[in-house]
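Report on the structure
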Amino acid sequence: MDLSNLNPFSSSDHRETGHLKMDKPDTSRRLDEMQQGVISKSLNRPDGPLKVSGTARYAAEAEADDMATGVLVGAIIPKGRVVSIDEDAAMKMPGVLGVFHGKKLLRNPAQGTANQAPIQPDGEVSYMGQPVALVVAESFEQARDAAITLAITYEEDDDGVFDPKIAEKEKPDGKQIDQGDFDAAMRDAAATVDSRYTTPVQSSAPMEPHASVAQWNGDQLTLHGSYQMLNYNKNELADSLGIDVKNVRILAPYVGGGFGSKLGIAPEAVAAALAAKALERPVRVAMSRRTVFETTMRRSETSQRVQLAADKTGKLLGLAHHASVSNLPDEGFTEPVAAATHFLYGGGSRRFTYEVARLNRSCAGSVRAPGEAVGMLALESAMDELAHELDIDPIELRVRNMPEKHPESDIPYSARNFEDCLRQGAKRFGWADRRPVPASRREGDWWIGVGVAGAARSNILGESKALVTLNADGTALVETDMTDIGTGTYTILAQIAAEMLGLPLEKVTVSLGDSELPEGPGSGGSWGAQSSGSSVYLACEAIRTKVAKALGCAAEDLTLKDGIATGGNNRKPLADLLDGPIAQEGHIEPGATMENFDQAGYGAHFAEVAVNAITGETRVRRMLGVFAAGRILNAQTARSQCHGGMIWGIGGALHEELHHDTRDGHMVNGDLAEYHVPVNLDVPQLDVLFIHQRDDHANPIQAKGIGELGISGAGAAITNAIFNATGVRVRDYPATLDKILPYLPD
Amino acid sequence: MANSPRPIAMIETTLTINGTRHEVNADPRTTLLDALRHHLGLHGTKKGCDHGQCGACTVMVDGERINSCLALACMHDGDEITTVEGLGQPGNLSPMQDAFVRHDGYQCGYCTPGQVVSATAMLGEAKRGWPSFVSDDLDTDVALTTQEISERMSGNLCRCSAYPGIVNAILDADGQQPEGEAGAEIVNLVLEGAQ
Amino acid sequence: MKPFTYERATAVADAGRSAAIPGAAIIAGGTNLLDLMKLQVETPDTLVDVTRLDMHAMEAVDDGFRIGALVTNSNLAADRTVRRDYEVLSRALLSGATGQLRNKATTGGNLLQRTRCNYFQDTNARCNKREPGSGCDAIEGLNRILAVLGTSDHCIATHPSDMAVAMQALDATVEVMAADGSSRNVALQDFHVLPGDTPHIETVLEAGDLITAVTLPKPVDGSFQTYRKARDRASYAFALISVAAVITIKDGRFDHVALAFGGLGPKPWRDPAIEDVLRGEEPSTALFGKAADVLLADARGYGHNDFKLPLACRMIASVLRDASES
């Protein structure tokens with residue numbers, strides 16, 4: 001769209017105040033004018049040396065004198081209630097200090113951004129493994145033994161619901177959409193696809209198990225926790241404990257992966273805090289791996305039906321996406337399966353339905369790219385099926401269905417470049433060499449094939465504050481309660497500040513993960529980099545205004561580079577220019593551009609697979625991801641994020657499946673030996689390409705989320721490649737060998 | 001289900017860790033991993049699963065990499081242990097640690113100490129001519145290709161999935177050419193005149 | 001993990017006597033035992049640590065190759081003699097677990113690995129192997145990874161070892177020392193027992209028995225050896241099915257034929273009837289199919305693991321074809 005008549009400086013006072021509400025696009029692209037030359041560069045992480053030497057401290061590694069250790073006890077019934085707990089017997093075991101249960105324990109973690117306590121069931125049990133007690137002892141060995149032998153009497157209900165296939169379903173209001181005459185579109189179409197897909201339960205399985213160390217000083221609680229969103233977590237923790245949030249401090253300088261599972265306060269934090277209060281000593285609770293699987297968020301299994309109606313050129317006339325998912329009773333989260341389907345492709349007649357089964361199995365919540373990660377497996381497979389049906393190249397089919405405006409809300413898109421991703425990727429991957437006829441390439445015992453899929457993930461801006469201090473000695477400090485869960489926050493915030501303030505990267509210190517610092521957005525929903533980055537940028541803009549004043553030039557004329565300010569006819573080192581530190585808070589708020597423009601990151605995945613002609617085992621041989629996600633803040637950490645997403649795509653396509661026994665809802669394979677996350681040998685060297693893009697509607701740094709874009713659609717490129725290799729269309733994920741074996745060509 | 005009727009007798013164990021002798025007086029149930037983390041304040045070695053299924057706890061015992069979560073401390077009385085802290089510290093990183101930083105061979109960092117120790121020991125195994133499951137010919141010495149590295153490092157899970165960076169870091173530390181440069185290309189279609 | 005008394009054995013003879021006391025368990029590599037002790041699936045009162053005993057040697061002996069019980073999986077796989085003469089064993093070992101685990105896991109311990117059945121590992125589930133007489137939740141549960149051969153109404157667990165499958169194909173013998181100091185040899189074929197109605201009994205070992213070594217007979221000259229393993233990820237996964245083969249062809253016909261299978265049964269599976277069908281015959285697709293029919297004559301799927309039957313057919317045919325073309 002033409003932006004020339006919009007005044008980019010309409011909120012120009014943000015250069016004085018450091019505050020901006022994103023009501024209008026910001027076309028000034030100030031970061032592009034800066035001179036330091038560190039933004040977007042592949043710079044190494046400043047926290048790297050700490051991580052590779054084991055010096056970075058994670059939650060469970062907080063030290064305190066007199067530390068006691070707690071171990072959570074999970075329910076061994078799926079539904080019912082705790083009648084009694086034999087505390088006396090436990091207390092007689094060596095080293096046992098206390099058994100904690102009762103009204104305040106959490107049933108499951110808070111959903112992301114809940115900002116209040118999750119359900120506190122007071123002994124009511126809703127799923128196997130639900131934490132019902134915490135046993136605390138002098139040592140971990142004693143606590144573990146006492147926890148596993150703790151005698152609990154339950155009253156079991158016989159009306160548990162365990163099988164999503166036969167469970168009654170709710171149809172949530174506001175999620176059912178019927179636009180145009182979809183049935184007519186299907187009837188009149190030259191070609192249709194009507195396919196059912198299933199995806200299994202998955203788990204985030206971050207390498208660091210969820211852990212909390214709780215310590216009280218009077219009424220003041222300090223919790224070293226492994227959490228993603230401290231601004232919400234402190235409220236959730238305070239609400240769970242029934243105390244004032246002013247008395248809660250959460251520290252999370254390093255978080256060993258989250259992927260959604262550490263968005264909301266979890267049972268171990270509340271249990272540790274209760275025990276530490278009662279025992280008047282610090283208590284550490286680190287979940288066992290099994291407990292991580294059982295009591296943190298799972299991704300809901302999905303059953304999906306995608307219907308496509310197209311004319312003979314492949315243009316979509318209609319599109320429908322039906323989703324059936326599950327969660328615990330009284331849990332608000334519904335896996336937003338069709339999130340990307342709403343805006344990715346056109347087709348005037350559209351239908352969306354959702355249904356939710358209430359099951360007595362572990363809690364469902366956000367797992368990396370909730371919605372897109374599973375929904376695009378179905379949508380992008382269906383598009384491949386349509387392309388095959390119409391004998392149209394899958395890339396051409398997608399290009400023919402890119403709408404001008406959002407096909408449901410009719411609002412314009414912000415920067416997109418979806419076609420560029422597909423075309424550039426095709427060139428780089430060698431798509432032209434593809435053989436369209438399935439099962440036409442064989443090397444020894446392996447069938448070889450290639451596949452493509454689109455990627456799309458909505459972009460969000462979250463409110464964020466950051467405090468930046470520029471010191472006269474040419475150093476700067478960035479402070480926010482934002483977290484770095486491996487995403488590179490330490491690095492990119494330092495790069496933004498260094499670029500804006502004209503400092504070498506090593507002169508900028510970033511302090512994160514302390515709930516007493518200015519409230520950032522937290523890490524989740526791929527909004528962290530652009531939201532916290534914008535607040536750092538805004539703080540720096542305001543600092544620049546002050547520096548310009550000190551130098552006696554207009555802010556637009558100021559150049560900051562290597563600690564030297566230049567403007568007008570003046571040139572001074574910061575040390576000579578500043579009397580003392582300049583501290584400034586930056587504050588970004590989402591505004592009208594999020595409502596009036598459909599914002600998303602886009603991409604294209606290309607995969608080459610080999611399918612064993614004897615066993616049906618699939619190995620990924622090559623993979624390329626091309627992404628357009630606004631300004632790339634650090635090409636190296638951004639690439640690592642994309643690698644992560646693409647490899648999760650491999651896991652989702654080929655291995656990952658958490659089984660619940662439908663007789664009692666218990667988790668069958670809740671460990672890392674049998675829940676198969678990808679290992680090093682599953683992953684070929686991956687290729688990532690970024691498309692240069694500035695999204696002026698997104699935020700003043702023109703950057704968009706990338707952490708979840710890389711997984712969106714990735715798995716579909718792999719199953720589409722399996723189809724190209726063998727002619728076998730796997731619609732029940734993951735594509736394990738047993739699903740391919742019966743249909744392999746001779 | 002009976003309570004333990006007897007008090008737990010502690011066991012005195014001598015461990016030489018990163019060249020320093022330590023006496024640990026602990027419950028016999030204490031794993032080498034928990035001895036490091038809970039008794040000796042060496043938190044660099046991580047607990048990811050406690051069941052030998054992730055590799056985050058990898059240490060070297062007398063030069064060989066093992067999962068310290070599946071080892072009782074008392075069974076290693078007198079052994080020489082090397083943990084990630086013993087390989088190098090900020091300002092004085094080992095070549096492997098430094099390569100992990102330069103190739104972004106990590107994200108959250110939690111599996112990283114295990115990866116670094118495992119990779120360091122793995123290079124030693126390769127130098128001794130140990131084959132792997134993906135070696136074509138077991139009779140000859142094996143070149144450490146990317147596939148060989150990936151197979152030999154498959155005992156170290158990384159959920160952030162930094163595997164490409166990890167492999168490049170190891171190639172680099174082994175004196176080989178990594179695949180591709182650090183970072184990713186950002187293609188500017190406007191400047192290139194495309195589209 | 002329950003508290004236990006830790007004892008370090010200093011002589012082979014003492015180890016057996018200590019281990020003969022009820023509630024005692026021998027620990028060597030500990031990679032499986034400690035895993036199960038943490039889950040309280042195994043609850044020994046006493047651990048007898050045998051790792052300092054002199055059982056670490058590998059050596060050529062008159063009638064073959066002797067492997068001390070404490071030889072680690074890594075050292076065994078990397079041994080030049082094993083790589084040259086018993087390639088199937090080296091490959092099987094290298095396909096199992098990880099570098100870290102192979103550095104700890106021992107030859108003796110590997111033979112005594114417990115099943116990976118999820119219901120065995122879950123103390124809240126019913127399991128006749130873990131708690132005799134309690135029932136089996138696996139038979140009607142998620143049994144995708146479990147056995148299709150040699151099962152009973154009481155247990156459908158598989159034996160998880162790769163090493164033992166290869167040793168089975170190599171006609172290995174297990175050396176056992178009893179608590180009274182006497183030694184005996186047990187053919188690996190006879191070492192593991194089928195579950196029947198006593199699935200908690202997995203081997204012929206008696207209380208106080210200590211595995212001291214495994215002996216391989218002289219290598220089969222000019223044999224084709226391979227270890228194929230189908231699994232759910234490229235590495236670090238247990239076998240859905242594995243095939244170990246030691247085969248020679250003479251005058252265009254199968255001569256020496258030894259085939260053993262992992263992932264199919266409660267023990268490393270070897271069926272002489274398959275070998276009888278093949279020996280002396282010319283390789284052909286029809287013959288391979290006949291061999292598979294013999295292998296699976298008594299096989300039974302339990303739903304989720306039904307795929308193992310066609311998979312076994314394809315894998316056996318592929319191995320035999322490769323052997324005949326080698």
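Basis of the calculations
Throughout, a residue's number is its position along its own chain's written sequence, starting from 1. Just so you know, chain letters begin at A and ligand numbers begin at 1, following the order they were written in. Reporting of local features is limited, given that this is a predicted model, to residues whose pLDDT is at least 70; pairs of side-chain atoms are given and counted only at 80 or more, and all residues count toward the totals for whole chains, interfaces and linings. Each helix corresponds to a stretch of at least 4 residues labelled H or I by DSSP, and each strand to a stretch of at least 2 residues labelled E; elements are numbered beginning at the N terminus. Each radius of gyration is computed over the set of C-alpha atoms, and the globule rule expresses the reference value as 2.2 Å times the number of residues to the power 0.38. Here exposure depends only on C-beta density: within 10 Å of a residue's C-beta, 20 or more other C-beta atoms make it buried, 12 or fewer make it exposed, and intermediate numbers make it partly exposed, the C-beta atoms being placed from the backbone. A pair of strands is considered paired only if DSSP assigns at least 2 bridges between the two. Two residues qualify as being in contact provided that their C-beta atoms, derived from the backbone, are within 7 Å of each other. Note that the domain bounds reflect an automated or database-derived domain assignment. In this count, Pro and Cys sit with the nonpolar residues alongside Ala, Val, Leu, Ile, Met, Phe, Trp and Tyr, while Asp, Glu, Lys and Arg are called charged and the others, Gly among them, polar. Simply put, an axis is a line fit to the C-alpha atoms, just over the touching stretch for a helix, and the angle between two N-to-C directions goes from 0 to 180 degrees. Note on terminology: angles under 35 degrees are roughly parallel, angles over 145 are roughly antiparallel, angles of 65 to 115 are roughly perpendicular, and the others are oblique. Definitions for this section: a left-handed crossing has its near helix turned counterclockwise from the far helix by less than a right angle. A right-handed crossing has that turn clockwise. Here pLDDT means the predictor's own confidence in every residue, given as a number from 0 to 100. To estimate the expected span of a helix, count its residues, drop one, and scale the result by 1.5 Å.

Across its full length, chain A holds 20 helices and 31 strands. A compact globule built from 746 residues would reach a C-alpha radius of gyration of about 27 Å, and chain A, at 27 Å, matches this within 12%. Put simply, chain A has 746 residues, and 67% of those count as buried.

Now for the sheet that holds strand 7 (residues 152-156) of chain A. Two orientations exist for strands paired in a sheet by backbone hydrogen bonds: parallel and antiparallel. All names here are of chain A. In space, the three strands of this open sheet follow the order 5-3-7, with antiparallel pairing throughout. Each having just a single partner strand, strand 5 (124-125) and strand 7 make up the two edges of the open sheet. When strand 3 (residues 80-85) meets strand 5, the two strands line up antiparallel, connected through two bridges. By the bridge assignment for strand 5, Gly-80 is matched with Val-125.

So, on to the interface of chain B and chain A. On the chain A side, the residues contacting the 67 residues of chain B number 67 residues. Elements that contribute at least two residues to the side of chain B that touches chain A include exactly helix 1 (32-39), helix 2 (84-87), helix 3 (95-102), helix 4 (112-127), helix 5 (146-152), helix 6 (163-173) and strand 6 (185-187) of chain B. Of all the elements, helix 6 of chain B adds the most residues to the side of chain B that touches chain A, at five residues.

So, about the domain arrangement of chain C. How large an interface is tends to be reported as the accessible area lost when its parts come together. Entries for chain C in the domain assignment read domain 1 (5-48) and domain 2 (224-325). Centre-to-centre separation of domain 1 of chain C and domain 2 of chain C, based on C-alpha positions: 36 Å.

This next bit is on the interface of chain C and chain A. Contacts between the two partners involve 20 residues from chain C and, on the opposite side, 25 residues from chain A. By residue number, the principal contributor to the side of chain C that touches chain A is helix 13 (residues 308-325) of chain C, which donates five residues. Grouping the amino acids of the side of chain C that touches chain A by side-chain chemistry returns ten nonpolar, six polar and four charged.

Here we come to the sheet that holds strand 21 (residues 446-458) of chain A. Taken together, the six strands give an open sheet; going across it, the order is 20(A)-21(A)-29(A)-30(A)-31(A)-6(B), and neighbouring strands pair in mixed fashion. Edge positions in the open sheet fall to strand 20 (442-443) of chain A together with strand 6 of chain B, since each of these has one partner strand only. Here 13 bridges tie strand 21 of chain A to strand 29 (residues 600-612) of chain A, and the two strands are oriented antiparallel to one another. Paired with Ala-455 of chain A across the strands is Gly-603 of chain A, a residue of strand 29 of chain A. Where helix 18 (residues 635-654) of chain A meets the sheet, it contacts strand 29, strand 30 (618-628) and strand 31 (686-691) of chain A together with strand 6 of chain B, and its direction lies at approximately 125 degrees from that of strand 31 of chain A.

This paragraph deals with the pairing of strand 17 (residues 302-310) of chain A. If a strand is regular, its side chains alternate between the two faces of the sheet. Residue and element names in this part refer to chain A. In terms of burial, strand 17 is largely enclosed, as eight of its nine residues are buried. As judged from the nine bridges shared by strand 10 (residues 191-199) and strand 17, these two strands associate in the antiparallel manner. For Thr-198, the partnering residue across the bridge sits in strand 17 and is Ser-303. Across eight bridges, strand 17 lies against strand 18 (residues 316-327) in antiparallel orientation. Of the residues in strand 18, the one forming a bridge with Arg-305 is His-322. Turn length for the strand 17-strand 18 hairpin, with the two strands adjacent in sequence and antiparallel, is five residues, and the turn residue Gly-314 shows positive phi of about 95 degrees.

Time to look at the packing of helix 3 of chain B against helix 6 of chain B. Between two packed helices, the angle of one axis relative to the other and the distance separating the axes together describe the packing. All names here are of chain B. Two elements in contact, helix 3 and helix 6, have axes separated by 8 Å at closest approach and are oriented at 140 degrees. Classified by the angle between their axes, helix 3 and helix 6 sit oblique to one another. Seen along the crossing, helix 3 lies across helix 6 with a hand that is right-handed. Two secondary-structure elements touch here, helix 3 through Pro-95, Met-96, Ala-99 and Phe-100 and helix 6 through Ala-169, Asp-172 and Ala-173. In terms of residue class, the contact of helix 3 with helix 6 is built from six nonpolar, no polar and one charged.

In this section: the confidence of the model for chain C. Looking at chain C as a whole, the pLDDT averages 97, with 100% of positions reaching at least 70. Overall fold confidence (pTM) sits at 0.97, and the ipTM for the predicted complex is 0.98.

On to the environment of Ile-243 of chain A. Residue and element names in this part refer to chain A. Assignment of secondary structure puts Ile-243 in the loop between helix 7 (230-241) and strand 14 (248-251). Separated by 131 residues in the primary sequence, Ile-243 and Val-374 place their C-alpha atoms 39 Å from one another. Excluding anything up to four places from it in sequence, Ile-243 contacts Ala-238 and Val-248.

Residues and elements named next belong to chain A. Along its sequence, chain A is carved into domain 1 (14-56 + 464-586), domain 2 (64-159 + 207-257 + 262-295) and domain 3 (299-460 + 596-743). The distance between the C-alpha centroids of domain 2 and domain 3 comes to 36 Å. With 17 residues of domain 2 at the contact, the number on the domain 3 side is 20 residues. Considered class by class, the residues forming the side of domain 2 that touches domain 3 number seven nonpolar, six polar and four charged.

Residue and element names in this part refer to chain A. With five of six residues buried, strand 13 (residues 220-225) is to be regarded as a mostly interior element. Sheet topology places strand 12 (residues 211-217) next to strand 13; six bridges connect them, and they run antiparallel. By the bridge assignment for strand 13, Asn-217 is matched with Gln-220. As consecutive antiparallel partners, strand 12 and strand 13 are separated by two residues, and within that stretch Gly-218 has a phi angle of approximately 65 degrees, a positive value. Inspection of the sheet shows strand 13 paired to strand 14 by four bridges, in the parallel sense. Each bridged residue has a counterpart across the sheet, and for Leu-223 the counterpart in strand 14 is Ile-250.

Our focus in this paragraph is helix 3 of chain B. Those residues of helix 3 of chain B not exposed but buried are Met-96, Gln-97, Ala-99, Phe-100 and Val-101 of chain B. Each element contacted by the buried residues of helix 3 of chain B is listed here: helix 3 (48-52) of chain A together with helix 2, helix 4 and helix 6 of chain B.

Here we take up helix 4 of chain B. Residues and elements named next belong to chain B. Compared with the 22 Å implied by 1.5 Å per residue over 16 residues, the 23 Å span of helix 4 between its first and last C-alpha is a close match. When you tally the buried positions in helix 4, you get 13 out of 16 residues, the bulk of the element. Just past helix 4, the residue Gly-129 takes up positive phi, approximately 85 degrees.

With that settled, consider unusual backbone geometry. Residue and element names in this part refer to chain A. With an omega of -5 degrees, the peptide bond running from Tyr-733 to Pro-734 counts as cis. We note that Arg-29 has phi near 45 degrees; this positive angle belongs to a residue other than glycine. Relative to the elements of secondary structure, Arg-29 occurs in the loop between strand 1 (19-22) and helix 2 (30-33). For Arg-29, a count of 14 C-beta atoms within 10 Å gives the class partly exposed. One non-glycine residue, Asp-330, lies in the positive phi region at around 65 degrees. Mapped onto the secondary structure, Asp-330 falls in the loop between strand 18 and helix 10 (341-344). Given 11 C-beta atoms within 10 Å, Asp-330 falls into the exposed group.

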